[in-house]
Every structure is written in C-alpha cells, then in structure tokens.
Amino acid sequence: GENVEQHPSTLSVQEGDSAVIKCTYSDSASNYFPWYKQELGKGPQLIIDIRSNVGEKKDQRIAVTLNKTAKHFSLHITETQPEDSAVYFCASAGTYKYIFGTGTRLKVLA
Amino acid sequence: KAGVTQTPRYLIKTRGQQVTLSCSPISGHRSVSWYQQTPGQGLQFLFEYFSETQRNKGNFPGRFSGRQFSNSRSEMNVSTLELGDSALYLCASSQDSEAFFGQGTRLTVV
C-alpha cells in the first residue's frame, strides 16, 4: 500500500549545526510533498513544500530536495536554533489525502 | 485571515458514548480533511470533503463519520466510543494542494 518512511525518528544537534531529515515514498503518482513542524500542544504547521517538477526549494534556513526517480525527499535546516526544536513530519499527497511519515523529533541543544 | 478553528479543544467521554467535533476552515477553502493522531499510529487519514461531498475515506470503522455544510464547515462524529479512540483529531483545510491544520481536538475516552 501507500506509505512514507521517515528517518531518523529522533535527531539531536548542537545549536548552529545543520539537521537533515529524509523520507521515501511509495506512490509513483504523488506530485506534491509538504513538510510540517509540530510543536507541543499545537497542530502541524506547514513550513515548506515541493512539487514534482522541481528538484530543490529553499526558504531562508530551510531547504527541501526531491529525487523523483529514487522517490526520496529531504528537509535541510541550516544554522539550527533552539526554537527549531519540534517534531517534523514529511508527507506525500495522494488522491484527496496526505500520507504522512512517522515524524522526527528534533532537539537543538544550546 | 483567520486560520482553521476546531472546537472543542478538549473532550473527555465515556466508553459507549458518541462525540461530535467541529471544524471551521479558512475562509474561501472548500476542502476539509480529518486526521487522527496517536503516538503509536502517527497521523492517519480519516476522510476528505469538498463542496459537501466526501471524496476519499481512510481505513476506519463505520463508527467514524463526517459531513460538510454549504459554508464549508465540517463535523466529524464518532459513535460507540472505545478507549482506543483517544487521540488528537486534526482538521485541515485547503484550496489547492497546500493544507493548513487547526490546533486539534484532544479526545480522551475513559
């Protein structure tokens, strides 16, 4: 069936270092890949997304890359700050729904 | 522009009862989706509505149902509650591919 694998499940980095989270999807028809950040007690917040006709997209300290052939996409956060600490979810868009990865708990150590 | 509003934020119900959750999407958004979030299963798709029509449904028992009104507001209902229904229920509204989530309703079944 359709699924999205996400790694790692937890990630600790020193403030100022980079963090990378990787996802692999199975549905070849997927053409939209959003990333969400979820803080404690809040709903997921869309932070960046990428469509299948683009290989990379950047927004300040956050970037996403997509390899459609390998069905891989990754989130890159540079110059991490304590406020980046949260759970991050990748997703692939299916037919009128999203399929989410299992989440990565990112801890940025001051 | 107001975001996605979910009510109530917290609910405690007893096994066997039924519950109705409400979601008001972002103004102008006609698609509303519902997800169940639990520590063990992550974010699981429940159903999606567009212009009062259910376009997709996840793999949940018939006890889970939903509807959408002409003003795009949506409700989901869970009947005959079970302990395993305890979860954060999230609503997302979208106009195109981008989906924006509400804060969620935390349901506890005792």
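Residues numbered from 1 in each chain as written. Chains lettered and ligands numbered in written order. Predicted model: local features only at pLDDT ≥ 70, side-chain atom pairs only at ≥ 80, totals over all residues. Heavy atoms only, no water.

### Observations concerning the sheet that holds strand E1 (residues 5-7) of chain B
Residues and elements named next belong to chain B.
No. 1: Strand order in this open sheet of four strands is E1-E3-E8-E7, and the pairing throughout is antiparallel. Of all the strands in the sheet, the pair left with one neighbour each is E1 and strand E7 (64-68). Shown here is a sheet whose adjacent strand axes are inclined to one another by a mean of 15°, direction ignored.
No. 2: Relative to strand E8 (residues 74-78), strand E3 (residues 19-24) runs antiparallel, the two sharing five bridges. Opposite Thr-20, over in E8, you have Asn-77 as the bridge partner. (Pairing = 2+ DSSP bridges. Helix = DSSP H or I, 4+ residues; strand = E, 2+ residues; numbered from the N terminus. Axes fitted to C-alpha atoms, helices over the stretch in contact; angles between N-to-C directions.)

### As for unusual backbone geometry
The phi torsion of most residues other than glycine is negative, and most of the peptide bonds are trans.
No. 1: Of the consecutive residues His7(A) and Pro8(A), the connecting peptide bond is found in the cis state with omega at -5°.
No. 2: Residue placement: Pro8(A) occurs in the loop between strand E1 (4-7) and strand E2 (10-14).
No. 3: Geometrically, the link from Thr7(B) to Pro8(B) is a cis peptide bond, its omega value of -10° lying close to zero.
No. 4: Even without being glycine, Ser51(B) reaches a positive phi, approximately 50°.
No. 5: For Ser51(B), the location among the structural elements is in the loop between strand E5 (42-50) and strand E6 (53-57).
No. 6: The phi dihedral of Glu52(B) is positive, around 70°, even though this residue is not glycine.
No. 7: Mapping Glu52(B) onto the fold places it in the loop between E5 and E6.
No. 8: In this structure Glu52(B) comes out as partly exposed when scored by relative accessible area, which is 47%. (Buried < 20%, exposed > 50% of the residue type's maximum accessible area, 1.4 Å probe, protein only.)

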